[in-house]
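# A closer look at the structure
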Amino acid sequence: MTQQVTTSTEKVDVKGRHLVERVKELVHEGNVRRIVIKDSDGRPVMEVPVTVGVVGFLLAPTVAAIGALAALAAHYSIEVERETSDSSGH
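The present account deals with the structure reproduced in this document. (Residues numbered from 1 in each chain as written. Predicted model: local features only at pLDDT ≥ 70, side-chain atom pairs only at ≥ 80, totals over all residues. Heavy atoms only, no water.)

Our focus in this paragraph is the overall build of the protein. Regarding its fold elements, the protein presents two helices and four strands. Reading the helices (α) and strands (β) of the protein from amino to carboxyl end gives β-α-β-β-α-β. Classification of the 90 residues of the protein by burial places 30% in the buried group. Counting contacts in the protein only where the partners sit at least 6 residues apart, residues at least 24 apart contribute 71% of the total. Looking at the protein as shown, the accessible area adds up to about 5700 Å², and 53% of this sits on carbon and sulfur atoms. (Helix = DSSP H or I, 4+ residues; strand = E, 2+ residues; numbered from the N terminus. Buried < 20%, exposed > 50% of the residue type's maximum accessible area, 1.4 Å probe, protein only. Contact = heavy atoms within 4.5 Å. Areas by Shrake-Rupley, 256 points an atom, 1.4 Å probe, with all protein chains shown as cover.)

Set out below in structure tokens:
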């Protein structure tokens, strides 16, 4: 049985005040590899690699930075890169 790991990308639009809570939800889902926060013009303003080591060590300062970012503008989009496992060869 072979397990193949692939990635998919999803875009989520959020208002500034919901940015922090949405990022926290995404991180706790567990299959997220990278989060890119973009402003209303589509320009990346923050990129967060999400790995097991980073989640425990850097989550608090990263969330604080995202909170400060959320106060600056009304609309953001979050680009989420997810890791999915496909099993083949049943």
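Here strand 2 (residues 32-38) lies mainly inside the structure; five of its seven residues are buried. Here five bridges tie strand 2 to strand 3 (residues 44-49), and the two strands are oriented antiparallel to one another. Residue Lys 38 lies in a different strand from strand 3, and its bridge partner there is Pro 44. The hairpin turn running from strand 2 into strand 3, its antiparallel successor, is five residues long, and Gly 42 in that turn takes a positive phi close to 85 degrees. (Pairing = 2+ DSSP bridges.)

Residues Leu 19, Arg 22, Val 23, Leu 26 and Val 27 constitute the buried set of helix 1 (residues 19-29). Seen along its axis, helix 1 keeps its buried residues to an arc of 135 degrees; they face one direction. Trailing helix 1 by a residue or two, Gly 30 shows a phi angle of about 95 degrees, which is positive. (Arc of directions from axis to C-beta.)

This part takes up the pattern of salt bridges. Per the counting criterion, the structure on display carries nine salt bridges. For the salt bridge of Arg 33 with Glu 83, the shortest nitrogen-to-oxygen distance reads 3.5 Å. With Arg 33 in strand 2 and Glu 83 in strand 4 (residues 75-88), this pair connects stretches of sequence that are 50 residues apart. Accessibility expressed as a relative area gives 35% for Glu 83, which makes it partly exposed. Shared partners join several salt bridges into a network, and the residues in it are Arg 33, Arg 34, Glu 47, Glu 81 and Glu 83. (Salt bridge = Lys/Arg side-chain N within 4 Å of Asp/Glu carboxyl O.)

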